[in-house]
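Spelled out from the first residue to the last, the chains are:
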Amino acid sequence: MALQDDLTAVQRCVDDLVRTVGKLEQQIGEGSQGGLTGIDVRRVRTDADHLRESVALLRAAAPSTTAAPPKRPDLITIPDTPYDSSLWTDSDDEGLGASDRHAP
C-alpha cells in the first residue's frame, strides 16, 4: 500500500475516533456515569484532537505522489536553407536517387 493510502486510512480512523468520542461525550455529559466523569472524556477528546493534528502534519510533510507532467523536450529549429552538398560526398545512397538508377 502506498504511503498516501496508509495516511488516508489513518486519517479515516482518527476521524471515526473523534466522532465516537463526541458521541460518548454527549452520552456522559457533565455528570459521572459508571465511574466516568466529564473530565475523563474531555481528556480523551483532547488526545483525539491531538492525533488528528499530528496526522494532518504527517500528511503535509509526506512526499507528494502526484507526478509532475513530463517535461517537453527542447525544440530544435531546423533551417530551411539547403545543406552543404559536401557533407554527403562520402555517403552511400544505396541506389536511390543515383543519376543512372531510379526507384521501382
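For the structure itself, look to the data block above.
Residues numbered from 1 in each chain as written. Predicted model: local features only at pLDDT ≥ 70, side-chain atom pairs only at ≥ 80, totals over all residues. Heavy atoms only, no water.

*Asks:* What am I meant to see in the overall build of the protein chain here?
*Replies:* On a plain count of helices and strands, the protein chain comes out with two helices and zero strands. Counting across all 104 residues of the protein chain, residues that qualify as buried make up 14%. Here the contacts in the protein chain between residues at least 6 apart in sequence split such that 60% fall between residues at least 24 apart. Summed over all atoms, the accessible surface of the protein chain reaches about 9100 Å², with 57% contributed by carbon and sulfur. (Helix = DSSP H or I, 4+ residues; strand = E, 2+ residues; numbered from the N terminus. Buried < 20%, exposed > 50% of the residue type's maximum accessible area, 1.4 Å probe, protein only. Contact = heavy atoms within 4.5 Å. Areas by Shrake-Rupley, 256 points an atom, 1.4 Å probe, with all protein chains shown as cover.)

*Asks:* Just checking my understanding: could you explain helix H2 (residues 38-61) for this structure?
*Replies:* In an α-helix there are 3.6 residues to a turn, and that puts residues three or four apart on one side. The end-to-end C-alpha distance of H2 is 35 Å, a good match for the 34 Å that 24 residues give at a rise of 1.5 Å each. Along H2, the residues classified as buried are Gly 38, Val 41, Ala 48 and Val 55. Elements that come into contact with the buried residues of H2 comprise helix H1 (3-28). (Expected span 1.5 Å × (residues − 1).)

*Asks:* Honestly, H1 in this entry has me stumped. Any pointers?
*Replies:* Between the first and last C-alpha of H1 there are 37 Å, a value that for 26 residues agrees with the 38 Å anticipated at 1.5 Å per step. In the segment just after H1, Gly 29 is the residue with positive phi, at about 70°.

*Asks:* How should the side chain of Gln 11 be read in this particular structure?
*Replies:* One can find Gln 11 in helix H1. A residue is classified by how much of its surface remains accessible, and Gln 11, at 14% relative accessible area, is buried. Apart from the residues within four sequence positions on either side, Gln 11 is in contact with Arg 52, Val 55, Ala 56 and Arg 59.

*Asks:* Any chance you could explain the pattern of salt bridges here in plain terms?
*Replies:* One side chain can pair with another of opposite charge once the charged atoms of both are near each other. Using the criterion set out here, one finds four salt bridges in the structure. Put simply, Asp 16 and Arg 19 hold a salt bridge, and the shortest N to O gap is 2.2 Å. With a gap of three residues between them, Asp 16 and Arg 19 both fall in helix H1, about one helical turn apart. Between Glu 25 and Arg 45 there is a salt bridge; the shortest N-O distance is 2.9 Å. Here Glu 25, found in helix H1, pairs with Arg 45, found in helix H2; they are 20 residues apart in sequence, far enough to count as distant. (Salt bridge = Lys/Arg side-chain N within 4 Å of Asp/Glu carboxyl O.)

Shape is all these values report; function is a separate question.
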